[in-house]
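What follows is the residue order along each chain.
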Number of protein chains: 2
Amino acid sequence: MSGTTAWGEYAHDSLRRGGARSGGARDAVIRHLAAQDCCITAQELFDALRAEGNRVGIASVYRTLDQLAERGLVHRVDLGGGTTRFEPALPGGEHHHHLVCDACGRVDQFDDDALERALSRVAAAEGYELAKHDVVLHGACESCRRVE
Amino acid sequence: MSGTTAWGEYAHDSLRRGGARSGGARDAVIRHLAAQDCCITAQELFDALRAEGNRVGIASVYRTLDQLAERGLVHRVDLGGGTTRFEPALPGGEHHHHLVCDACGRVDQFDDDALERALSRVAAAEGYELAKHDVVLHGACESCRRVE
DNA sequence: TTGTTTGCAAACCTTTTGCACGTTA
DNA sequence: TAACGTGCAAAAGGTTTGCAAACAA
């Protein structure tokens, strides 16, 4: 939790250093994102802010998410299904990937050194300079496997 | 090429065995998909068929792609950017992943055993029964790196 | 004939943009 | 005050659905 609060301040400072002013909608988005422990939809973010009485427009949510993504402060995560998700990104390139249960919708996170090494090796072999990589595993989670 | 033609017949037979009738739009989609060597957009498929004088509707293109995807005959590929791509899937689970150059839009394919092993291991460790996995690498391809 | 497939148009959903107004520095 | 941020509404993709007509078995 303290880690995510730190992210909020970090994001806030980073934007300010970039010459951006403060604004109600943006602050609310950053605050809510900072309290998130997994990736979230723009619509979910919007609904949550509205539910707590905040009069944000969904355009401002998207605009803030764009700014954050441009500066590498959030990662866009695409789990399939046509809606982009967003999650806070720590500086230093630390990251994780996602496991999605197609039966119940549950989402888990993981990271794996051997996986990262394999990806770096492949990129190098193909002559690519790697900027980012997305890995999404789909399947049935432990609970859903038992039911079938 | 003969491999992709084989896919066309395989897909056609598979649908017929599934109780589906033959139809102009569906046959055209399968034929065009069979001649494809990389993933393609529904819109691109539609445009190509129209360009050769075929009066298909884009709805039929999507419906056919859905049917094929349901039976595992095509894979949906999401390279980011909001448009789903589709590519023929061979039986037996053989597959590849994609490298995208964010500068020029070039798309390369690759497969890697160590990568596959890492993914299987992760899924097992998390208790998931793996159904599919998507891996997309983004970066700058060899040509674009030189320009920068 | 009977049920499936098709094309068109309209609906839908997510995301982006235009614009007048409010707010920050 | 000058520039930026915001909310609303409209627009812009991409994809899905309703429906009557065409078609395959």
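This is a predicted model, so every value here is computed, not measured.

Asks: Please explain the relation of the copies chain B and chain A as it appears in this structure.
Replies: Each of the two chain copies goes to the other by way of a rotation about an axis and a shift along it. Overlay of chain B on chain A (RMSD 0.2 Å): rotation 179°, translation along the axis 0.0 Å. As the rotation angle and translation indicate, the two copies are arranged about a two-fold axis. For chain B, the smallest separation between a C-alpha atom and the rotation axis is recorded for V135(B), amounting to 2.3 Å.

Asks: Hey, could you run me through the environment of A42(B) in this one?
Replies: Residues and elements named next belong to chain B. Along the chain, A42 falls in helix α3 (residues 42-51). Residues A42 and T83 lie 41 residues apart in sequence; the distance between their C-alpha atoms is 8.6 Å. For A42, the residues in contact, after removing those within four places along its chain, are V61, Y62, L65, T84 and F86.

Asks: In this structure, what is going on with the domain arrangement of chain A? I would like to understand it.
Replies: For interface size, the figure often reported is the accessible area lost on association. All names here are of chain A. When its domains are assigned, chain A resolves into domain 1 (1-89) and domain 2 (96-148). Its C-alpha centre places domain 1 at a distance of 23 Å from the equivalent point of domain 2. On the side of domain 2, eight residues touch domain 1, which itself brings eight residues to the contact. Of the roughly 530 Å² buried between domain 1 and domain 2 on both sides combined, carbon and sulfur atoms contribute 58%. Counting across the interface, domain 1 meets domain 2 through zero salt bridges. Counting across the domain 1 and domain 2 interface gives three residue pairs in polar contact (both at pLDDT 80 or more). In terms of residue count, strand β2 (residues 74-78) provides more of the side of domain 1 that touches domain 2 than any other element does, three residues in total. Here the residues of the side of domain 1 that touches domain 2 sort into four nonpolar, no polar and four charged.

Asks: What's the story with helix α5 (residues 113-125) of chain B in this structure? I'm lost.
Replies: Side chains that are three or four residues apart share a direction in an α-helix, a result of its 3.6 residues per turn. All names here are of chain B. Across its 13 residues, α5 extends 18 Å between first and last C-alpha, which sits within 8% of the 18 Å expected from 1.5 Å per residue. Buried within α5 we find L115, E116, A118, L119, V122 and A123. Each buried residue of α5 sits inside an arc of 160° when the element is viewed along its axis, so together they form one side. Looking at α5, the residues exposed on the side facing more than 90 degrees away from the buried face are D113, R117, A124 and A125. Residue D112 occupies the N-cap position of α5, its side-chain oxygen lying 3.2 Å from the main-chain nitrogen of A114. The first or second residue beyond α5 is G127, which carries a positive phi of 85°.

Asks: Would you mind showing me how to read the interface of chain B and chain A here?
Replies: The interface is formed by 34 residues belonging to chain B together with 34 residues belonging to chain A. Taken together, the connections running from chain B to chain A amount to four salt bridges. Of the charged contacts, one joins R145(B) and E129(A) as a salt bridge, the two residues approaching to 3.6 Å between their closest N and O atoms. Where chain B packs against chain A, one counts 16 residue pairs in polar contact (both at pLDDT 80 or more). Sorting the residues of the side of chain B that touches chain A by element identifies β4 (97-101), β5 (107-110), α5, β6 (129-140) and α6 (142-147) of chain B as the ones contributing at least two each. Looking at the side of chain B that touches chain A, the element that brings in the most residues is β6(B), giving twelve residues. Residue composition of the side of chain B that touches chain A, grouped by class: 18 nonpolar, five polar and eleven charged. Summarising the sheet, strand β6 (residues 129-140) of chain A and β6(B) pair through eleven bridges and their orientation is antiparallel. Paired with H138(A) across the strands is K132(B), a residue of β6(B).

Quick notes on the rules
Residues numbered from 1 in each chain as written. Chains lettered and ligands numbered in written order. Predicted model: local features only at pLDDT ≥ 70, side-chain atom pairs only at ≥ 80, totals over all residues. Heavy atoms only, no water. Least-squares fit on C-alpha atoms with pLDDT ≥ 70 in both. Helix = DSSP H or I, 4+ residues; strand = E, 2+ residues; numbered from the N terminus. Contact = heavy atoms within 4.5 Å. Domains from an automatic or database assignment. Buried area = accessible area lost by both parts, 1.4 Å probe. Salt bridge = Lys/Arg side-chain N within 4 Å of Asp/Glu carboxyl O. Polar contact = N/O pair within 3.5 Å; in protein donor to acceptor, adjacent residues only side chain to side chain. Nonpolar A, V, L, I, M, F, W, Y, C, P; charged D, E, K, R; others polar. Expected span 1.5 Å × (residues − 1). Buried < 20%, exposed > 50% of the residue type's maximum accessible area, 1.4 Å probe, protein only. Arc of directions from axis to C-beta. Pairing = 2+ DSSP bridges.

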